[in-house]
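For reference, the chains in residue letters:
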Amino acid sequence: MIRYITRRLLFAVPTLVAISFVVFALLDLAPSDPTGQLPLTIPPEVRAQIRESFGLDDPFLVRYGKWMEQFFVNEPLNLIEQAFGVEIGNSSERFRVISYATRSPVVDIIAERMPQTLWVVGLSYVVGILIALPIGIISAYRQYSWFDQVGTFVSMVGFSVPTFFTGLLAIILFSVMLEWLPSIYDTTHRVTDLGSFWVQIKQIIMPVMVLAFYNAAQLSRFMRSSVLDNLNLDYVRTARAKGMRERAVLLVHVLRNSMIPVVTMIALGIPTIFGGAIITEQIFRVNGLGQLLIVAIQGADIPMVQTLTFLFAILIVGFNLVADVLYGILDPRIRYE
Amino acid sequence: MRATTATDAVLAVEDVRTRFHTQEGVVHAVNGIGFELAEGEVLGVVGESGSGKSVTMLSLLGLLPAPPAEIVSGTAKLEGEDLMALDADRLRQVRGARVGFIFQDPMTSLNPVLTVGYQLTEPLRVHLGMDKAAARKRAAQLLSLVGIPEPTRRLGDFPHQFSGGMRQRVMIAIALACSPKVLIADEPTTALDVTIQAQILDVVKRLQRELGMSIIWITHDLGVVAGLADRVMVTSSVPTCSPCTRDRNIPIRGACCARCRTPIPGMDRPNGGSRASRDILRVSCRRQRLVRSRPAASMRSSVAVAKTRRSRPFTRDTRWPASTTSMPEPPVQSDSTATNTPVRSGSGATAAPVLVEVENLTKHFPIMHGVFRRQVGSVRAVDGIDFQIHERETLGLVGESGCGKSTAGRVILRLYDPTAGRIAFRGQDIGGVRGESLRRLRQSMQMVFQDPQDSLNPRMTVGSIVGEPLVEHGVAKGRALDERVDELLDAVGLSPRFANRYPHEFSGGQRQRIGIARALALEPEFIVCDEPIAALDVSIQAQVVNLLQDLQERLGLTYLFISHDLGMVRHIADRVAVMYLGKIVELAPSEKLYRGPLHPYTRALMSAAPAHDPELEARRERIILTGDVPSPADPPSGCRFSTRCPIATHECSVREPEWRELRPGHRVACHYAGDA
Ligand SMILES: Nc1ncnc2c1ncn2[C@@H]1O[C@H](COP(=O)(O)OP(=O)(O)O)[C@@H](O)[C@H]1O
Ligand code: SF4
Ligand SMILES: [Mg+2]
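Each chain has its residues counted from 1, running along the sequence as written. Each chain takes a letter, starting from A, and each ligand takes a number, starting from 1, following the order in which they are written. Residues qualify for local features only when their pLDDT is at least 70, as the model is predicted, and side-chain atom pairs are given and counted only at 80 or more; totals for whole chains, interfaces and linings, by contrast, use all residues. Processing note: side-chain calculations cover all non-hydrogen atoms of the structure and skip hydrogens and water entirely.

*Asks:* Got a sec to walk through the overall build of chain B? Specific residues and values, please.
*Replies:* Secondary structure elements are taken from DSSP: a helix is a run of H or I of four residues or more, a strand is a run of E of two residues or more, and numbering for both begins at the N terminus. The secondary structure content of chain B amounts to 21 helices and 21 strands. Any two residues having at least one pair of non-hydrogen atoms within 4.5 Å are treated as being in contact. Look at the contacts in chain B between residues 6 or more apart in sequence, and 69% of them connect residues 24 or more apart.

This is how it looks when you write it as structure tokens:
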């Protein structure tokens, strides 16, 4: 297993280098200019100076090399310094990836936005899983029962109706008509006591549930078919022939087997949490990573887009490995070496 | 007062009727089956697949999926208590405790993600209320009872870490965990190799003696129950007569019943047997009260029935009586069953020129390992074999699964590149040909595969499947193509009308005919048949083999016939090669080999294949090989067979026996062959 992981990690390096090159090159080709957004009154010399300060006059490969150094050496060092409160070398000399739009280091902005996304999108993912699994299991076990029929209908609705629709619907219903919940997520809100905790719950519940509904719809279908696949297998008949109670047949024998593909799918879905549910974040004004990416794209903030895109790529490659490893752990027949 | 029969019967079953509600309508799978099982008795249940054997037993214990199955009627008194009237929970308490079950496929009937120990302790804990420690102790005892070495350590292993035979032993241990009164075994050895089957039969016989439970043994192979069962019941899907019961003192000669009149070729009866040996059982064959409405077999498509007349010309001189048993491919020629063919060219067709010759043929598959996928070893699938196949001859290649039969066939056809050795076709070395010349070569060498289901593209019509090689090689197109396809379908006994249909509309036997037609398309001289009948029902096997023989005669074909079934090979092959772990251990003309096998492995194989004559079965000594086939990645030193050979000496494990011609035309690789 360790060997396998090592090998996969070694293979991940060239993959990521290739991805970073493509990301950097593609965005570099995009016609954009950090001074483009500046007022027209600014004289050309000043613009040139600004460009020079971003290192934009260097040849492409030099800029790519610098970006790689910033991304893989400088920023990780900064993070370590922050985490442990130490100073490694001359940290003020280290140049960083700077956002065109805000002129502050990209990584700092991302770190600032991360918690919102993790809370809202992450929580919705967890809630979605908790809803989906039991529904999937019961639907499969009682195939074609009214529970299954209703479940099928609701999940069809769940993943065919986009979140911007369900989100708006929820806002109209609960914020505008019933006035129970706030329609905007206030990121500056701090939980200090029971009262503020209640406020936090009220503002988080709508985005979380809208996203959870969407996730659960897909996952419960997947769980259902996985359980169904297993219910008809020979070993289930063996378990019954041994005189096992139905509970044990379902929860020990069938569940263990049908969780294998489901867990893999859940792991593969985790990077999308970090991608932030872009649309949902926009609707509920959660200023998380998804929103950050949208704004950066609109503002042609190339360093920001490059960094975010590449971060997602790393996460996807990483969680692919996690999914494979989980698969190997759950299924004793798979042996990695 | 209870009826006398019920008192001494452990299990009395009466009038079981089960049907399935399917999309095509109601299938009456079981139509009023009844039988009794006495204390300590072994009841064999024999019948073709689909005749309702499994469904009957599953019905008794409520193990059928509720829709689509419906149990219409029936009683099953286990020690006087009617199982079929019990509620779900009471019935659950019977299952596993008083009735144990063993299923057909040991590969799928154990849960892959739970340890064997867990699966074995489950019934002990549920039915006997044992605690964890006690259950583990008992589980280890059970494993050693069924002959698994190091039982305590193996409790922590997962099913995939056991071989097929070992898994079936585990299944037996599970079924016996709570000392049931009745053990129901549903084709428990069908999926196993013959030598492993012999081991399992041996274990069951021993356990039955020691524990004295009653056994219901379901099988489609009469030979298997011949040596084991006290009585045999035959099930049939056609409502004429079933079941027949018989006593042990009446020999089972051939199969039984009006429907199952066809004897099955076995070790003891090369060509279906003489008239005497095919005597139909004189048995008390009481007519059953059967529902006529829609027996299971009539559900099969009318396609099959329409085909009957077409296939007639090709079975003129039926060497091996074609079956009269099956609906899908009905009687080909029922009156010629008595004709007995003279034994085929006894000493092999040595006069004919050599068509295919292999010398030291070797195929190793690399095993990769480590971070950079270095090659750390190799699976020696085929490890230096020599033989010649003469024109118009059939060479049989037999051996247990995994011994390299199929690999050998594929290397000869150059579907794999040989690792070493020489392959000659018509004297020309073809081991290294590539590209265009390989393509041309393929025209004269073709393959028929084992599974007619998997080898036909489901999205292509039969016509395009058969015609594909013609188009590929640019042999025919347009009208000529259509004509040729019709001709080919006709040759294999299918109506040209079927050209527009898809493979799934055909039965297994018909699909195999399609596969044969495709192989014939380019008019090859040489065909490798890789277990062409292993996936088919016994009755249909006969027809496909007859077809192959007929085509051989008419078209002058040469076959390499790969099979694990010795009986079948004896019937079709002129000469037979026996393979073990990548080596050929014995090669001889068919009759010589079967009359006087020289290699200990061949002897064991033959003794493991059950004879269909119970008298013979009872008289003969069985050689039961111990252990499993070693891994071809790490074969034993010296003689490959030395780890399982009953007469191995020290010499055997250090020196590899040479491949020598002991008698004219009879080659063998064993130090001690011919000594005894
Ligand atoms: N789940 C099912 N749905 C529909 N038909 C079935 C089902 N299971 C079995 N059958 C039918 O019942 C008949 C008997 O099957 P089975 O008992 O498995 O035969 P055997 O054990 O003799 O091979 C067959 O015609 C088969 O097609
Ligand atoms: S050489 Fe020895 S081990 Fe091999 S088959 Fe002959 S007697 Fe058995
Ligand atoms: Mg069956």
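*Asks:* Break down the overall build of chain A for me, citing the residues and quoting the values.
*Replies:* The helix and strand tally for chain A stands at 12 helices and zero strands. In sequence order, chain A lays out its α and β elements as α-α-α-α-α-α-α-α-α-α-α-α. Its C-alpha atoms put chain A at 85 × 60 × 40 Å along the principal axes. Only protein chains enter the accessibility calculation, which uses a 1.4 Å probe. A residue is then buried if its area is under 20% of the maximum for its type, exposed if over 50%, and partly exposed in between. The 337 residues of chain A split such that 44% are buried.

*Asks:* Mind laying out the packing of aromatic side chains, listing which residues take part and the relevant values?
*Replies:* Here is the rule: rings of Phe, Tyr and Trp (six-membered ring for Trp) pair when centre to centre is within 6.5 Å. Planes less than 30 degrees apart are stacked, more than 60 are edge-to-face, and the remainder are tilted. The full count for this structure, using the stated rule, is 17 aromatic pairs over all chains. Throughout this description, the term charge over a ring refers to an Arg CZ or Lys NZ atom that lies within 6 Å of the ring centre and within 35 degrees of the ring normal. In this arrangement the basic side chain of Arg 237 of chain A is found over the ring face of Phe 103 of chain B, its NZ or CZ atom lying 3.9 Å from the centre. Over the face of the ring belonging to Phe 162 of chain B we find Arg 154 of chain B, whose NZ or CZ atom lies 4.0 Å from the ring centre.

*Asks:* Give me the pattern of salt bridges: which residues, what numbers.
*Replies:* Residue and element names in this part refer to chain B. For salt bridges, the criterion is a side-chain nitrogen of Lys or Arg within 4 Å of an Asp or Glu carboxyl oxygen. For the coordinates displayed, the defined rule picks out 40 salt bridges over all chains. A salt bridge links Glu 357 to Arg 422, with the nearest nitrogen and oxygen atoms 3.6 Å apart. Residue Glu 357 is located in strand 10 (residues 354-369), and its partner Arg 422 is located in strand 13 (residues 420-425); the two are separated by 65 residues in the primary sequence. On the accessibility criterion, Arg 422 (28% relative accessible area) is partly exposed. For Arg 484, the salt bridge is made with Glu 523, and the minimal N-O distance between the two is 3.8 Å. With a gap of 39 residues between them, Arg 484 in helix 14 (residues 478-491) and Glu 523 in the loop between helix 15 (508-520) and strand 16 (526-530) connect regions that are remote in the sequence.

*Asks:* Can you break down the sheet that holds strand 4 (residues 69-78) of chain B residue by residue, with the values?
*Replies:* By this definition, two strands are paired if DSSP reports at least two bridges between them. Strand order in this open sheet of four strands is 2-1-4-5 (chain B), and the pairing throughout is antiparallel. In this open sheet, the two edge strands, each paired with only one partner strand, are strand 2 (25-38) and strand 5 (81-82) of chain B.

*Asks:* Requested: an account of the environment of Arg 92 of chain B, with residues and values cited.
*Replies:* Mapping Arg 92 of chain B onto the fold places it in helix 3 (residues 88-94). Judged by relative accessible area, which is 7%, Arg 92 of chain B ranks as buried. Distance in space between the C-alpha atoms of Arg 92 of chain B and Leu 61 of chain B is 8.2 Å, their sequence separation being 31 residues. Apart from residues lying up to four places away in sequence, Arg 92 of chain B is in contact with Gly 243, Met 244 and Arg 245 of chain A together with Val 126 and His 127 of chain B.

*Asks:* Please give an account of a nonpolar patch on the surface that cites residues and values.
*Replies:* Residue and element names in this part refer to chain A. Residues qualify for a patch when their relative accessible area is over 30% and they have no salt bridge, like charges being joined within 9 Å and the nonpolar side chains of Val, Leu, Ile, Met, Phe, Trp and Tyr within 5 Å. Under the convention used here, a 1.4 Å probe and the Shrake-Rupley method define accessible areas, while residue burial counts only the protein chains that appear. A surface patch of nonpolar side chains, about 600 Å² in accessible area, is lined by Trp 146, Val 150, Phe 153, Val 154, Val 157 and Phe 213. At five residues, helix 5 (residues 146-160) tops the list of elements feeding residues into the nonpolar patch. Structurally, Val 157 can be placed in helix 5.

*Asks:* I'd love a proper account of the interface of chain A and chain B, names of residues and values included.
*Replies:* In this complex, chain A contributes 23 residues to the contact, which on the side of chain B involves 32 residues. Summed over both partners, buried area is the accessible surface (1.4 Å probe) that two parts give up on being assembled. When chain A packs against chain B, the two sides together hide about 2,600 Å² of surface, and 59% of this comes from carbon and sulfur. Considering only the side of chain A, the residues that lose the most area to chain B are Arg 237, Lys 242 and Pro 332 of chain A, jointly responsible for 22% of the buried surface there. One salt bridge connects Glu 122 of chain B with Lys 242 of chain A, and the closest N-O pair in it is separated by 2.8 Å. Within 3.5 Å is the distance limit for a polar contact, defined as a pair of N or O atoms, with the added protein rule that one can donate a hydrogen and the other accept it, and that residues adjacent in sequence qualify only through two side-chain atoms. Scanning the region where chain A abuts chain B turns up 13 residue pairs in polar contact (both at pLDDT 80 or more). Those elements giving two or more residues to the side of chain A that touches chain B turn out to be helix 1 (2-29), helix 8 (234-241) and helix 9 (246-275) of chain A. Among the elements that line the side of chain A that touches chain B, the one with the most residues is helix 8 of chain A, at six residues. Its residues placed into classes, the side of chain A that touches chain B shows eight nonpolar, four polar and 11 charged. Under the convention adopted here, Pro, Cys and the residues Ala, Val, Leu, Ile, Met, Phe, Trp and Tyr are nonpolar, Asp, Glu, Lys and Arg are charged, and Gly plus all remaining residues are polar.

*Asks:* So what's going on with the layout of surface pockets? Which residues, and what values?
*Replies:* Here a cavity means grid points, on a 1 Å grid over the protein atoms only, where a 1.4 Å probe fits yet cannot get out; a pocket means an open set of points with protein on both sides within 12 Å along at least five of seven lines; lining residues are those with an atom within 4 Å of a point. Grid points are joined across faces, edges and corners, and a volume is the space filled by probe spheres set on the points. Reported here for the second largest pocket is a volume of approximately 1,100 Å³. Lining of the second largest pocket is provided by 32 residues; of these, Arg 240 of chain A together with Leu 64, Pro 65, Ala 66 and Pro 67 of chain B occupy positions nearest its centre. Of all the elements in the fold, those that place two or more residues in the lining of the second largest pocket are helix 4 (106-141), helix 7 (194-231) and helix 8 of chain A together with strand 4 and helix 3 of chain B. Split by residue class, the lining of the second largest pocket holds 20 nonpolar, three polar and nine charged.

*Asks:* Help me get a handle on the site of ligand 2, residues and values and all.
*Replies:* For this purpose, a residue is taken to be near a molecule or strand whenever a single non-hydrogen atom of the residue falls within 4 Å of it. Taken together, 13 residues lie near ligand 2, and Cys 639, Cys 645, Cys 652, Cys 670 and His 671 of chain B sit nearest. Of the residues that constitute the shell around ligand 2, the class distribution is 10 nonpolar, three polar and no charged.

*Asks:* Can you break down the side chain of Arg 221 of chain A residue by residue, with the values?
*Replies:* All names here are of chain A. Along the chain, the position of Arg 221 falls in helix 7. Within the structure, the side chain of Arg 221 is placed 3.2 Å from the side chain of Thr 152, a separation counted as a polar contact. What Arg 221 contacts, discounting residues up to four positions off in sequence, is Asp 148, Gly 151, Thr 152, Ser 155 and Phe 159.

*Asks:* Report on the pairing of strand 18 (residues 575-580) of chain B, specifying residues and quantitative values.
*Replies:* Residues and elements named next belong to chain B. Burial runs high along strand 18: six of the six residues are buried. Here strand 18 shows two buried faces, one formed by Arg 575, Ala 577 and Met 579 and the other by Val 576, Val 578 and Tyr 580. Bridge analysis of strand 12 (residues 394-398) against strand 18 gives four bridges, and the strand direction is parallel. Bridge pairing in strand 18 links Val 398 to Val 578. Inspection of the sheet shows strand 18 paired to strand 19 (residues 583-589) by six bridges, in the antiparallel sense. Paired with Ala 577 across the bridge in strand 19 is Leu 587. Counting the residues between successive antiparallel strands, the hairpin from strand 18 to strand 19 contains two residues, one of them, Leu 581, with a positive phi of roughly 50 degrees.

*Asks:* For unusual backbone geometry, give the residues involved together with the corresponding values.
*Replies:* With a phi angle near 70 degrees, Tyr 144 of chain A is a residue other than glycine that sits in the positive phi range. Relative to the elements of secondary structure, Tyr 144 of chain A occurs in the loop between helix 4 and helix 5. Backbone geometry at Asn 360 of chain B places phi at a positive 50 degrees, although glycine is not the residue there. Along the polypeptide, Asn 360 of chain B turns up in strand 10.

*Asks:* Go over the confidence of the model for chain A, please, and point to the residues and values.
*Replies:* Chain-level pLDDT for chain A is 83 on average; 95% of the residues reach the 70-or-more range. Across chain A, the secondary-structure element scoring lowest on mean pLDDT is helix 2 (residues 44-53) of chain A, at 76, and the one scoring highest is helix 8 of chain A, at 90. Confidence per residue, as judged by the predictor, is encoded in pLDDT with a range of 0 to 100.

*Asks:* Please give an account of the confidence of the model for chain B that cites residues and values.
*Replies:* Residues and elements named next belong to chain B. Looking at chain B, pLDDT values average 76 and 78% of them are 70 or higher. Mean pLDDT across the elements of chain B ranges from a minimum in helix 10 (residues 302-311), with 24, to a maximum in strand 18, with 94. A low-confidence stretch, residues 1-6 stays under pLDDT 50, and its non-local contacts, those more than four residues away or across chains, total three contacts. When the criterion is pLDDT under 50, residues 238-349 qualifies, and its contacts beyond four places in sequence or with other chains add up to 261 contacts.

*Asks:* Go over the sheet that holds strand 3 (residues 42-46) of chain B, please, and point to the residues and values.
*Replies:* Remark on secondary structure: sheet strands pair via backbone hydrogen bonds, oriented parallel or antiparallel. Residue and element names in this part refer to chain B. One open sheet holds the five strands; their spatial order is 6-7-8-3-9, and the pairing between them is parallel. Where the open sheet ends on each side, the last strands, each with one partner, are strand 6 (99-102) and strand 9 (231-234). Going across the sheet, the axis of each strand differs from the next one's by a mean of 15 degrees, ignoring polarity. Taken together, the four bridges between strand 6 and strand 7 (residues 182-186) define a ladder with parallel strand orientation. When the sheet's bridge partners are listed, Phe 101 is paired in strand 7 with Ile 184. All axes are obtained by fitting lines to C-alpha atoms, using only the stretch in contact for helices, and the reported angles, taken between N-to-C directions, cover 0 to 180 degrees.

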